[in-house]
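# Architecture at a glance
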Amino acid sequence: MNKQECKKYFRRAYKRLITNNKPISISNIENEMNNVIDTQKEEYIAYSKIAVHNMQKSGNAEIRLKDLLSQIDILPQIFKRETAINKAKILLK
């Protein structure tokens, strides 16, 4: 287990509970951590889909991990989270 990642998700879940005036309980922290993880998962998948789409349309004969990772570095600067998620949904159609 990566302690830093665990703390990051726990911290965000805790802050959400405090912001929403919910009690700190086992079930509430579990639900909020799941929400935080699902939100980030959706964002990461969206950026990944856009990166693969961009590489497919770039004309490169071969898509390499290095190329995709460089796309991932750039895309959050170009697209806000919501925009990226909407764009990724359109790519599937």
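Preceding block: the structure.
A short tour of the structure in this document, coming up. This structure is a prediction, so every number in the text was calculated from the model and none was measured.

## Observations concerning helix H2 (residues 26-57)
Residues three or four positions apart in an α-helix share a direction because the helix packs 3.6 residues into each turn. Between its first and last C-alpha, H2 extends 47 Å over 32 residues, near the 46 Å set by a 1.5 Å rise per residue. The set of residues buried in H2 consists of Asn28, Ile29, Glu32, Met33, Val36, Gln40, Glu43, Ala46, Tyr47, Ile50, Ala51 and Met55. On the buried face of H2, the contacting elements are helix H1 (3-19), helix H3 (65-78) and helix H4 (81-91). Backbone geometry just after H2 places Gly59 at a positive phi near 90 degrees.

## Quick notes on the packing of H2 against H3
For any two helices packed against each other, one specifies the crossing angle of their axes together with the interaxial distance. Two numbers describe how H2 lies on H3: the axes approach to 9 Å, and their chain directions differ by 120 degrees. With respect to H3, the element H2 is oriented oblique. You can see that H2 and H3 cross each other, and the crossing is right-handed. Taken together, the residues of H3 that come into contact with H2 (itself represented by Tyr47, Ser48, Ile50, Ala51, Val52, Asn54 and Met55) are Asp67, Leu68, Gln71, Ile72, Leu75 and Pro76. Each residue belonging to the contact of H2 with H3 can be placed in one class, and the counts come to nine nonpolar, three polar and one charged.

## Some words on H1
The end-to-end C-alpha separation of H1 is 24 Å, in line with the 24 Å expected for 17 residues at 1.5 Å each. Those residues of H1 lying buried are Tyr9, Ala13 and Leu17. Taken end-on, H1 shows its buried residues confined to a sector of 75 degrees, consistent with a single buried face. In this structure, H1 carries Lys3, Gln4, Lys15 and Thr19 as exposed residues pointing more than 90 degrees from its buried face. Packed against the buried residues of H1 are H2.

## Quick look at the pattern of salt bridges
Oppositely charged side chains may form a pair once their charged atoms are brought near each other. This model, assessed by the stated rule, comprises seven salt bridges. We note a salt bridge from Glu82 to Arg81, for which the minimum N-O separation is 4.0 Å. The class of Glu82 is partly exposed, set by a relative accessible area of 47%. The network of salt bridges with common partners includes Glu42, Glu43, Arg81 and Glu82.

## A few points about a nonpolar patch on the surface
Together, Phe10, Tyr14, Ile18 and Ile24 give the surface a local cluster of nonpolar side chains, amounting to about 380 Å² of exposed area. Among the structural elements, Ile18 can be located in helix H1.

## Here we look at the packing of aromatic side chains
For any pair of aromatic rings, the description rests on two quantities: the centre-to-centre distance and the angle between the ring planes. Taken as a whole and judged by the stated rule, the model has zero aromatic pairs. The ring of Tyr9 has Lys8 lying over it, and the distance from NZ or CZ to the ring centre is 5.1 Å.

Rules used throughout
- Residues numbered from 1 in each chain as written.
- Predicted model: local features only at pLDDT ≥ 70, side-chain atom pairs only at ≥ 80, totals over all residues.
- Heavy atoms only, no water.
- Helix = DSSP H or I, 4+ residues; strand = E, 2+ residues; numbered from the N terminus.
- Expected span 1.5 Å × (residues − 1).
- Buried < 20%, exposed > 50% of the residue type's maximum accessible area, 1.4 Å probe, protein only.
- Contact = heavy atoms within 4.5 Å.
- Axes fitted to C-alpha atoms, helices over the stretch in contact; angles between N-to-C directions.
- Parallel < 35°, antiparallel > 145°, perpendicular 65-115°, else oblique.
- Left-handed = near helix turned anticlockwise from the far one by under 90°.
- Nonpolar A, V, L, I, M, F, W, Y, C, P; charged D, E, K, R; others polar.
- Arc of directions from axis to C-beta.
- Salt bridge = Lys/Arg side-chain N within 4 Å of Asp/Glu carboxyl O.
- Patch = residues over 30% accessible without salt bridge, like charges linked within 9 Å, V, L, I, M, F, W, Y side chains within 5 Å.
- Areas by Shrake-Rupley, 256 points an atom, 1.4 Å probe, with all protein chains shown as cover.
- Phe/Tyr/Trp six-rings, centres within 6.5 Å; stacked < 30°, edge-to-face > 60°.
- Lys NZ or Arg CZ within 6 Å of the ring centre and 35° of its normal.

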